[in-house]
Amino acid sequence: VHLVESGGGLVQPGGSLRLSCAASGNIFRISTMGWYRQAPGKERELVARITSGGNTNYADSAKDRFTISRDNAKNTVYLQMNSLKPEDTAVYYCHLQFANLSPDWGQGTQVTVSS
């Protein structure tokens, strides 16, 4: 599976961005999709996850500000990020998990929140 993220960039504090991740192949709709992020000097951490059935869970830092969604017809998962803070600055990675197979990762997209 090939994952391609887009939508990152530079935004001011309080602003919004929507990340997209397009997946190749035919297992997207039956896979759990996630967004992770890694800030400089820190470990990669889960931001949000959505199952094939549409159930979601979020890191505490993302609750009430971020929304994960998926469009199975487009093989795409989204992360709508609102009220962005400087501490949200990181490289954001798309993640696909199918059954017990090794997960797939995208190449990452940089999000920078700064005035």
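So, a few notes on the structure that sits alongside this text. Owing to the predicted nature of the structure, the values given are computational and were not obtained by experimental measurement.

**Here we look at the pattern of salt bridges**
Next, step 1: Evaluated as defined, the whole model comprises 4 salt bridges.
Next, step 2: Salt-bridge contacts for Glu45 lead to Arg37; the nearest nitrogen and oxygen are separated by 2.8 Å.
Next, step 3: Between Asp88 and Arg65 there is a salt bridge whose closest N-O contact spans 2.7 Å. Taken as a pair, Asp88 in the loop between strand E8 (76-81) and strand E9 (90-97) and Arg65 in the loop between strand E6 (56-58) and strand E7 (66-71) lie far apart in primary sequence, 23 residues in all. The exposure classification of Asp88 matches that of Arg65, with both residues buried.
Next, step 4: Three or more residues joined by partner-sharing salt bridges are found here, namely Arg37, Glu45, Arg65 and Asp88.

**Quick look at the side chain of Thr109**
Next, step 1: Counting through the fold element by element, Thr109 comes out in strand E11 (residues 109-113).
Next, step 2: A distance of 3.3 Å separates a polar side-chain atom of Thr109 from the backbone nitrogen of Gly8.
Next, step 3: Beyond its immediate stretch of four places on either side in the chain, Thr109 contacts Glu5, Ser6, Gly7, Gly8, Leu19, Ala90, Val91 and Tyr92.

Each value, and the rule that gives it
- Residues numbered from 1 in each chain as written.
- Predicted model: local features only at pLDDT ≥ 70, side-chain atom pairs only at ≥ 80, totals over all residues.
- Heavy atoms only, no water.
- Salt bridge = Lys/Arg side-chain N within 4 Å of Asp/Glu carboxyl O.
- Helix = DSSP H or I, 4+ residues; strand = E, 2+ residues; numbered from the N terminus.
- Buried < 20%, exposed > 50% of the residue type's maximum accessible area, 1.4 Å probe, protein only.
- Polar contact = N/O pair within 3.5 Å; in protein donor to acceptor, adjacent residues only side chain to side chain.
- Contact = heavy atoms within 4.5 Å.

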